[in-house]
Structures are given as C-alpha cells and as structure tokens.
Amino acid sequence: MATLSEAPPLAPVPEKKPPRKRGRLVPYWLLLPGLLWLVIFFALPMIYQASTSVQTGSLEEGYKVTWHLATYWDAMSEYWPQFLRSLLYAGAATILCLVLGYPLAYLIAFRAGRWRNLIMVLVIAPFFTSFLIRTLAWKTILADSGPVVSTLNTLHVLDVTNWLGWTSGDRVLATPLAVVCGLTYNFLPFMILPLYTSLERIDGRLHEAAGDLYARPWTTFRKVTFPLSMPGVVSGTLLTFIPAAGDYVNAELLGSTDTRMIGNVIQTQFLRILDYPTAAALSFILMAAILLMVTIYIRRAGTEDLV
Amino acid sequence: MPVVNWLKRHFVVIAGLLTLGYLLLPNVVVTVFSFNKPKGRFNYEWQQFSTAAWKDPCGVADMCGSLSISLQIAFWATAGATILGTMIAFALVRYRFRARGTVNSLIFLPMAMPEVVMAASLLTLFLNLGAQLGFWTILIAHIMFCLSFVVVAVKARVMSMDPRLEQAAQDLYAGPAQTFLRVTLPIAAPGIAAGALLSFALSFDDFIITNFNAGSTVTFPMFVWGSAQRGTPVQINVIGTAMFLVAVLLVLSSMLISNRRNKQKA
C-alpha cells in the first residue's frame, strides 16, 4: 500500500489547449483514451461473447458461427436449477444484508457520536483485506466441531433449518445456509455504505418534528426515515444482488455440489470443460436476466435519476 | 420490565454492534489463526500457539512472489485507471456535448455487470485474438473494471466544486495552466485520491476476473484460492492480519486528515 503515496501523474491539462469557448473538441480528447479502453475491453468482448454463443465446433477443429441457437435452449434446460439457485441465494443474501446493514448504517449516521470514525474504519477496512482469506475463515467459524454448530444444535435451531432444507444433519458447512451466510458477509459493506450516505443526508430536525407531532420512534422510522433513505436502499440492494448472483467463490469454498450456482457452472465450462459456446450462452443469459431485473426494479422504485 | 425497555431504547445500537461483530469476526479468526501451529496441511482447527509464521512470513514457496505480482498489477492498474478516469470525469462534468448520456451509461454498465460475465467475455476476446494470457491481460482487465469507479469518485468531487473559484483565479490574471494546477487540481485531489485508493483495493483483491484472464500467472488471491485446495499455510493468515492492520491505519489517517481540513475550513 506504500505505493499509494506516489500518486500517479494527473490527466493532461484540459485548459492548456485553446480556451474553453473555442475548444469544442476538448471534451472529446479527454474522453477518447478511457472510452476506447471501455469499448475495446468491455463492449467488444460482449459482442465476441454473443458470437461465441451461437458457434458450433470443437476445440480441435475450431469453432464456426452457425447460428446454433439451440445452445441456449440446451444450456437452460440443463442448468436451470443452478440459475434458480443463484437468484434465490442472491435474493436471500440481499434481504439479509438490508436487515443486518440498516441498523449499523443508522447507528453510524445518527447515534455513533465520537465513535463514528472508528466504526466507519472498521466497515471500510475489510475492503482492503483479501476477501478470499476472510471467506476461508468462515470454514473455521462454521466447522462441524465449532461453536456455531454446537450452539445451533443445543438451541435446536438446526432441526428447524434441516426441516427447511437449509442445512443437513449436524453440518452447516457445505449447505445452503453456509453459502448464503458467506454471500451476506461478503457483500454487506456494499449495502452499508450507500445506506449510510443516504441516511447521513437526512436532516435530524425532521426526526424532532416527527416527535413533536407525537409520532412514536417506530412510526418516525416507517414514515420519515425509511422513505427518505430509499435511494440508499435501492443502490445498496443492487450493489449486493448483482455481484452475489454471479459469485462462485462462496459456493465453491463454503458449499458442496448441491449448492453450485450459475457462476460455478460458467467457470467450470469456460476453464475446465472448455465448452465455450455453452459457457458464453450461460453468461449471456445471466447478463440479460440481471439487466432485465435491474431495469424493472429501478422503474418500480422510481429512482431512475439515481444512477 | 426495565430490561425490555432498555433493549427497546438501545435496539439500534445493539443490532448495529452485532452486525459490526459479524463483519469483523472473520478478521478476528484470521488474526488468531496466524498464531496457530497446525498439525496437517490445513489451518482450520486450533492446535497450539506459535509465532513461527510471523517470524518467517515468506517461508511458503511462491506466496511472496504472488504478492509482489499483485502489488505491481494493482499499482499500474491504479495509475492507468486514475488517469483515464479523471479525464473522463472532467469531460463529463465540465462540458456539454452530444452523446453525453451514452457515455454515462457506458461508464455505468461495468459496475452493473456480474464479474463472471465480464471475465468470461474478456476471455473470449483474448482467445479470439490469440493473445498470450498473463501479466498484461490481467492489467488490461483491471484497468477496465477500475475505470468506472474512478469516474464516479472524481465526478462527485468535481460536481460539488464552485466554478466561481476558477473564475476568480482567472480574474486575478492566472493563466489556464496556473488555474488548473493551483486551483482546480487541489480541490479535485480528494476525489482523485479516493478513486485511486478504491482502484488499488479492487485490483489487489480481485479474484474472479483475474482467474479467467491470468493464464499461468499467479496473483495473491489466486494463490489463496489454490491453497484452499492444497492446504492453507499459516503465513496466509499472517498476510491477512498485516493487510487488515495497514488498512485500518491507512483509512484512519485519511479520515483524520480530511476531518482536520474540514475543521480548518469551518
């Protein structure tokens, strides 16, 4: 991290060129390098991927575009359980993140006082620590002989979760519960930070006003605080759901073959089985599904100007 | 019922602190297990206290090599993404031009795309071009996904900037270059620094996109991933603990600096 102090040189000086009024081309020159990068290494790959998904052939003989759309059909009929599972797990993790993250964001915004900076540091610092190492730590925490499993067992919670199909037997590791727990943990900061930003903007006097009008704390929260924090809720849920739906790290490290998500399938198809058309089709379907859901969600939430 | 009332009154504080505990629990475990002396290859069960790993953090083959590759990539990715992103941010805030909306959505899309989709599509591009996977393909990918985050961070800062300050500088006969270097740049600096810091963290920690586009190059996250199958050396926990401490110090100091600045202004 020491390298950070040597801040990289700044962008070319915009005003060095002809003064702004005459320099109609200045914004285009400023945009050009960065946009080229995004077009070549972000947009163009999507087109390549689209073309790969309609190819047939084999590694040895090479692939040709044959408009073989059946790949999509075959991929979906084979892997719909993993697809559904990804959306379910990501949805559950998002809801858990919202429920767990809201009190902490609220605490930092309104109640922390002089502890505010310290708590913020503790929320942000994990960002800079390897998330893989932290995810592996959950293997220890949720281990079969560990305190979590024995506590849940004593409280007979495991019986309930077993019945619901979230866990199996005396284990938490390698079950859906462990994967959702890991996902929730991994993306929780992405929920807390936008929530905090939108809560912090709320004028504290509104709370006092609600109190003056005899609103009880819960009513104040429901009618004043929560609606005003909606931009944070929307961006927080998006920042949690999207990466969680494509994640394969948690399912691989904390789950089993019964908890494989669509990310695991794409990874295996691309890097191990080398079935590029199927892999490309799956990743295209995932992208389309998420873009569609996000668009509907943003429309519904009525915060189109948010992004 | 005083206990119930007390719980009710402090509900937010209690729930918030519990969440904080959930967030920090793995870091505590990583720290504790960096002092473990495991019996087998895996470091998942507590055996015996030992400081051996702390005395010899690079004692594992290839680990520190992968760490150094990750640091180099993160440094160059940060430099590249910060330069390109700052330019875009200035263009978007300071100028009105056609296709501004299109540019805005092109910037937004990489952030709204699951990583695995970007990773897979980039791999198909590289495969089609016959590019040699390794250091350069990782760097290209990292600059690509860090770029948007820099744009957002710098944009937020430049947007809140009072344009009259620059007009004032020009009224005082500052040339365009002087205005930029002495007025614009210092005001935009916190946004640029935030963008750079975020890029560094994102690049250094990225696994999914790197895993697809790395070829046989092994970055630190990839080393950790591999070790989950082969057996995790205690040294990984040492690095994890050290990273956490450095991060806390770094974030804390940057917060204190910006706090002091704000107080001076007020």
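So, here's what we can say about the structure.

On to the overall build of chain B. Within chain B, the regular secondary structure consists of twelve helices and zero strands. Sequence-ordered secondary structure for chain B, helices as α and strands as β, is α-α-α-α-α-α-α-α-α-α-α-α. Taking 2.2 N^0.38 as the reference for a compact globule, 266 residues should give roughly 18 Å; the C-alpha atoms of chain B span a radius of gyration of 23 Å, well beyond that estimate. The long-range fraction of contacts in chain B, counting pairs at least 24 apart against all pairs at least 6 apart in sequence, stands at 72%. Entry remark: accessible area of chain B is about 12,600 Å², with carbon and sulfur atoms responsible for 65%. Distance from the positive charge centre (19 side chains) to the negative charge centre (9 side chains) of chain B: 9 Å.

Residue and element names in this part refer to chain A. Where helix α2 (residues 70–111) contacts helix α13 (residues 276–301), the two axes come as close as 10 Å, and the packing angle between them is 55°. Compared by their axis directions, α2 and α13 come out oblique. Here the hand of the crossing between α2 and α13 comes out right-handed. Between α2 and α13, the contacting residues are Thr-71, Tyr-72, Ala-75, Met-76, Tyr-79, Phe-83 and Leu-87 on the first element and Pro-277, Thr-278, Ala-281, Leu-282, Phe-284, Ile-285, Leu-286 and Met-293 on the second. Across the contact of α2 with α13, the residue classes tally to 13 nonpolar, two polar and no charged.

Let's shift gears to the state of the cysteines. Disulfides are covalent bonds that connect the sulfur atoms of two cysteines. Across all of its chains, the model carries one disulfide over all chains by this definition. Between the sulfur of Cys-58 of chain B and that of Cys-64 of chain B lies a disulfide, 1.9 Å long from S to S. Its torsion about the S-S bond being -95°, the disulfide of Cys-58 of chain B and Cys-64 of chain B is classed as left-handed. Note on Cys-64 of chain B: relative accessible area 22%, which makes it partly exposed. Here Cys-97 of chain A is not cross-linked by a disulfide; its sulfur's nearest cysteine counterpart is in Cys-181 of chain A, at 10 Å. Residue classification places Cys-97 of chain A among the buried positions, given a relative accessible area of 0%.

Below, the discussion takes up helix α7 (residues 176–200) of chain A. End to end, α7 of chain A covers 35 Å across 25 residues, agreeing with the expected 36 Å (1.5 Å per residue, within 8%). Taken across its 25 residues, α7 of chain A has 19 buried, putting it largely inside the fold.

Definitions and cut-offs
- Residues numbered from 1 in each chain as written.
- Chains lettered and ligands numbered in written order.
- Predicted model: local features only at pLDDT ≥ 70, side-chain atom pairs only at ≥ 80, totals over all residues.
- Heavy atoms only, no water.
- Helix = DSSP H or I, 4+ residues; strand = E, 2+ residues; numbered from the N terminus.
- Rg over C-alpha atoms; globule rule 2.2 N^0.38 Å.
- Contact = heavy atoms within 4.5 Å.
- Areas by Shrake-Rupley, 256 points an atom, 1.4 Å probe, with all protein chains shown as cover.
- Lys, Arg positive; Asp, Glu negative; His and termini not counted.
- Charge placed at Lys NZ, Arg CZ, Asp CG, Glu CD.
- Axes fitted to C-alpha atoms, helices over the stretch in contact; angles between N-to-C directions.
- Parallel < 35°, antiparallel > 145°, perpendicular 65-115°, else oblique.
- Left-handed = near helix turned anticlockwise from the far one by under 90°.
- Nonpolar A, V, L, I, M, F, W, Y, C, P; charged D, E, K, R; others polar.
- Disulfide = S-S within 2.5 Å.
- Buried < 20%, exposed > 50% of the residue type's maximum accessible area, 1.4 Å probe, protein only.
- Expected span 1.5 Å × (residues − 1).

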